Amino acid sequence: MNRHRCYQEGTKRANESDLEKEENMWRNDDYTPVPVSEKRPEDGATLSIPLKPLNVDESSQVKKLGPYFHDGLRRIDYVLTYHVQKASGLRRQSSRSFVRSMRQSLSRSFRRTRQTPEAQEDPEIAAQEHQLDYHEDDKHFRREEFEENLREMGLELEKDEGTTVPGMGFLKIHAPWDVLCREAEFMKLKMPTRKTYEVKQGSNIVEKINLFIHKVTEPLHPKVEESKIQTVKHLCYPFSRERQHLFDLSDKDSFFSSKTRSSIVHEVLKRTKCTRTKYLMGINSLLGSGVYASAFPLHDGEIDGVRAEPNDRKILYEEWASYSLFYKYQPIGLIRKYFGEKVALYFAWLGVYTQMLIPAAIVGVIVFLYGCATVDDNIPSMEICDPRNNITMCPLCDRACSYWKLVTACGTARASHLFDNPATVFFAIFMALWATMFMEHWKRRQMRLNYIWDLAGCEEEGLSTDHVRSDYEFKVMQKTLRRESSSSKNEKVKLTCTDRLPAYVTIVVMMLFMIAVTFAIVFGVVLYRISIKTALHMSSTPTFRSNVRATVKSTAAVINLIIIIIMDEIYGALARWLTVLEVPKTDKSFEERLIFKTFILKFVNAFTPIVYLAFFRGRLVGRPGKYLYVVGNYRMEECAHAGCLMELCIQLCITMLGKQLIQNNLFEIGIPKLKKMMRRRKTKLATQQEEELKKTWHQHERDHFLGPFVGLNPEYMEMIIQFGMVTLFVASFPLAPLFALLNNVIEIRLDAKKFVTELRRPLPSRAKNIGIWYNLLRGLSKVAVIVNAFVIAFTSDFIPRLVYQYTYSPDGTLHGFINHTLSYFNVSDFQPSTEPVEPMHLGYKVTLCRYKDYRDPPWSATPYQFSREFWAILAARLGFVIIFQNAVMLMSDFIDWLIPDIPKDISQQIQKEKALLVDLFMKEERGKKHFRVARNEQSPSLPRSRLNSNSQSTC
């Protein structure tokens, strides 16, 4: 009745000022809704009922530009945008009455036959021979039906078409109080009751310690209400309309926050369907088919400017989204209040991860400084740099390379000691335990947040938004149409494994093919290193010949970085395409499958070059006189005398810095700005015109030009790959935690600024944990123990030094270790056409040269065969891997068992809440019982009097 009365009043006002309205509409291009009887769809106006007053008071102009309807009172909880097709004036005048009559007849036929729009011919096409009009009319009818169904669900709508954004229409949605209460009860939303209780931080000693720590770190806390210590907490209970007296409803406008209101409206949109076709179409299908262009909740208001009123978005901008606040804690409570639990959990996890990187970075720097301090006392490095040893080494390549002195590798040997020293073993053990501590700390932090956010007792089914995707609905519709003649109408149609079999085959083939492509790219970089090294050795420029190793290492690492960045983008798009091809049924299934495919491809892309350097380079070489060749005459590359650990360190360093600076930070800043500029160019708004219009833009028009929120998967994936680089190969690069820490300090503020200023407001989603990402982190932390064990045992010289010192050294020191690791080769045993072109390069004739391996000398009974030292060292390496892995795993499991997942004070508070809820409802039941007893005692004769009167009448 209220809506009908609003409609009559709006129509009356429109009839009284029709001429003035029409003049203003054409002069200002302001498409204010007009009565349906006088309306033409080609005019760019709306067919919805006019819920807004046409004349807005001057006092409400400020509010009108905010997230409110034109009346300045009803808040905009959600916005749907769509494209508006504007026809020419001549054509509109010539076909106005005909098109209107055809639309009405088509609409009646459409409702009566309940057939799909594509199955019948549009009279407008036959009359005007314009295919585009048919599609626009089809979208228009679907929008009409969907909006009508939204109004039947109780939502209030208001339209703006072509006002300041040409070609775009905005459907603004407001949820009144009755709808909010109904949906909150359906969604089982926990809301604060009137009952409060005191929150204790634990025992008296623990509470005093927490208060002291909070007081000391007070300058590090943001100046927001949610960051204060919670001493009193409202008892929360799922909202119920029958028990509204339990909740504090004194201020109904603020009882449901803007985040809760938008999530409620989104749930209504998910359930509302278009039913006038053979298949149901929800909001996802309408968005996928282009009926609506986008759907998003609005930001609370502006963040700067004269008209910017205090709001949560502005507070977040001032207290969170600023690089100057890098040293402060994040306002996680306010982030949750504004963006929802899912986004808040990401930033809380990122904050915990960054805090835990501080001790790891400190220990890593200490290990690096220990290497710097002991490099002059390192005996193997001193032996390599001692020119008196006069060790002649075998050529590094065929023909072009000649014999060389071991003393020339002095710089590489000293640099390798910075990362290959006894402290790296300790650091690898420390990082394995650190990963376990990090996972346990996060579980406890997550549980504490669940308690603070009143999610501790919520079930996963109530939190997940498992809605059917539009692509799945479309595929089911196609299958239904194909089986229409043979299937009964009551048979439920769904996609089976047989329907998805071609997609599964395509996914497996494409995944294997792209992994093979990654291996091929790494092999191509290997060939580049081999060929460029040979070319530099053949160069006549002394500078090139003296810096061969440094040039080859650095250029190959940069090439690997560029390829990784390019292939990351390709793999991300490919994973999404493969997941769409698979047609998952629900959003949750789609997200999990997309994460799995993206993680596999990006993990292989990022770590394949590193795995090759760590475990394969230098082991598939052969020996002088019997080298291993690939692709013709390309000889497999060897490690430097000090091992491949230095090259592995260089590759990790360049990859981490490059990905973090270029891919993660530069792309996150540059690409959103580029997309924003492209969206503005599509609307054909000049810069000067845009600045003028900006002053009159409403909030929904400002948010339209912001970037769409694409989810948290890219943010999580970026951090997961970084976590892998920090933990998997940390034994070879102890500075990795420091680089990750510096990046994450910037990353937090960069993401904050992006969420607050560059992106549309994400749809608030409830979540108790970070989902599949926790399993990936736990898996990586377990794999890291094994990988670091193999890096220490097989990539570094830690085990050979240990075996030599305690088995072969005459004095129990490392004196003579270098000579022990070198084997002899007789130059007369070179294969034909492989000996050096310049054998007299050193100024004397060489008969024996040395190479790094454990083989018998040429004068022994088994020349060039693996020696007993090789097998002894191999056994020691395998034994170290087994001992290291089991010892570290045992310590990690012990820490996991020792630290409880739920903090003791939180467990006590949860039990206290349950007891208080029981008391609350018991008191309520006792009150109801006393009320019924009192009412029966006050009117005991009422039934008898009625009985007597009835008996008298019958007599």
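Residues numbered from 1 in each chain as written. Predicted model: local features only at pLDDT ≥ 70, side-chain atom pairs only at ≥ 80, totals over all residues. Heavy atoms only, no water.

A.B. asks: I'd like a description of the side chain of Asp160, backed by residues and values.
C.D. replies: Note on placement: Asp160 falls in strand β2 (residues 156-161). Using a relative accessible area of 3% as the deciding quantity, one classes Asp160 as buried. Within the local environment of Asp160, its side chain forms a polar contact with the side chain of His70, the two groups lying 3.3 Å apart. One polar contact links Asp160 to Lys172, side chain to side chain, over a distance of 2.9 Å. (Helix = DSSP H or I, 4+ residues; strand = E, 2+ residues; numbered from the N terminus. Buried < 20%, exposed > 50% of the residue type's maximum accessible area, 1.4 Å probe, protein only. Polar contact = N/O pair within 3.5 Å; in protein donor to acceptor, adjacent residues only side chain to side chain.)

A.B. asks: Outline the environment of Lys200, listing residues and values.
C.D. replies: Structurally, the position occupied by Lys200 is in the loop between β4 (190-198) and α9 (204-216). Separated by 32 residues in the primary sequence, Lys200 and Val232 have C-alpha atoms spaced 8.8 Å apart. When sequence neighbours within four positions are dropped, the list of residues in contact with Lys200 reads Asp905 and Gln909. (Contact = heavy atoms within 4.5 Å.)

A.B. asks: Report on the packing of aromatic side chains, specifying residues and quantitative values.
C.D. replies: Tallying each qualifying case throughout the model produces 47 aromatic pairs. Centroid distance Phe603 to Phe607: 4.6 Å. Interplanar angle 35°. Geometry classified as tilted. Taken together, the positions of Phe603 and Phe607, both in helix α24 (residues 587-616) and four residues apart, correspond to about one turn of that helix. What makes Phe603 partly exposed here is its relative accessible area of 24%. On the basis of relative accessibility, which here comes to 2%, the residue Phe607 falls in the buried class. Plain terms: the ring middles of Phe733 and Phe739 are 5.6 Å apart, the flat faces sit at 55° to each other, and that makes the pair tilted. Over the aromatic face of Tyr627 sits the side chain of Arg635, whose NZ or CZ is 3.5 Å from the ring centroid. A cation sits over an aromatic face here: Arg761 above Tyr338, 3.9 Å from the ring centre. (Phe/Tyr/Trp six-rings, centres within 6.5 Å; stacked < 30°, edge-to-face > 60°. Lys NZ or Arg CZ within 6 Å of the ring centre and 35° of its normal.)

A.B. asks: Residue-level account of helix α18 (residues 422-452), with values.
C.D. replies: Taking 1.5 Å of rise per residue, the 31 residues of α18 would be expected to cover 45 Å, and the 45 Å separating its terminal C-alpha atoms lies within 8% of that figure. Here α18 starts with a cap whose side-chain oxygen sits 3.0 Å from the backbone nitrogen of Ala423, and that cap is Asn421. Looking one or two residues past α18, Asp454 carries a phi angle of roughly 60°, positive in sign. (Expected span 1.5 Å × (residues − 1).)

A.B. asks: Quick rundown of the packing of helix α13 (residues 312-319) against helix α14 (residues 332-339)? Include the residues and the values.
C.D. replies: Two numbers describe how α13 lies on α14: the axes approach to 10 Å, and their chain directions differ by 145°. Seen along the crossing, α13 lies across α14 with a hand that is left-handed. Here Asp312, Arg313, Ile315 and Leu316 of α13 come into contact with α14, specifically with Leu334, Ile335, Lys337, Tyr338 and Phe339. In the contact of α13 with α14, the residues fall into six nonpolar, no polar and three charged. (Axes fitted to C-alpha atoms, helices over the stretch in contact; angles between N-to-C directions. Left-handed = near helix turned anticlockwise from the far one by under 90°. Nonpolar A, V, L, I, M, F, W, Y, C, P; charged D, E, K, R; others polar.)

A.B. asks: Could you give me a rundown of the nonpolar core, with the residues and numbers involved?
C.D. replies: Ranked by internal contacts, the top residues of the largest apolar core, which has 125 residues, are Trp349, Tyr353 and Phe729. Here the element with the most residues in this core is helix α15 (residues 341-374); it accounts for 17 residues. Setting aside its immediate chain neighbours within four residues, Trp349 contacts Phe438, Trp442, Tyr716, Met719, Ile770 and Leu777. (Core = buried A, V, L, I, M, F, W, Y, C linked by side-chain atoms within 4.5 Å.)

A.B. asks: Tell me about the confidence of the model for the chain, and please be specific about residues and values.
C.D. replies: On average, the chain scores 78 in pLDDT, and the residues at 70 or more come to 79%. Across residues 1-65, where pLDDT falls below 50, the model places 97 contacts with residues more than four positions away in sequence or in other chains. The low-confidence segment residues 941-955 (pLDDT under 50) makes zero contacts with residues lying over four places distant or belonging to another chain. (pLDDT = per-residue confidence, 0-100.)

A.B. asks: How would you sum up a nonpolar patch on the surface? Please name residues and give values.
C.D. replies: Where nonpolar side chains cluster on the molecular surface, the patch consists of Ile205, Ile209, Phe212, Ile213 and Val216 and spans about 530 Å² of accessible area. Tracing the backbone shows Phe212 in helix α9. (Patch = residues over 30% accessible without salt bridge, like charges linked within 9 Å, V, L, I, M, F, W, Y side chains within 5 Å. Areas by Shrake-Rupley, 256 points an atom, 1.4 Å probe, with all protein chains shown as cover. Salt bridge = Lys/Arg side-chain N within 4 Å of Asp/Glu carboxyl O.)

A.B. asks: Requested: an account of the state of the cysteines, with residues and values cited.
C.D. replies: A full pass over the atoms with the stated rule returns three disulfides. A disulfide bridge connects Cys397 with Cys401, and the sulfur atoms are separated by 1.6 Å. Here Cys397 and Cys401 share a disulfide; its torsion about the S-S bond, 95°, makes the bridge right-handed. An identical accessibility class is assigned to Cys397 and Cys401; each is buried. (Disulfide = S-S within 2.5 Å.)

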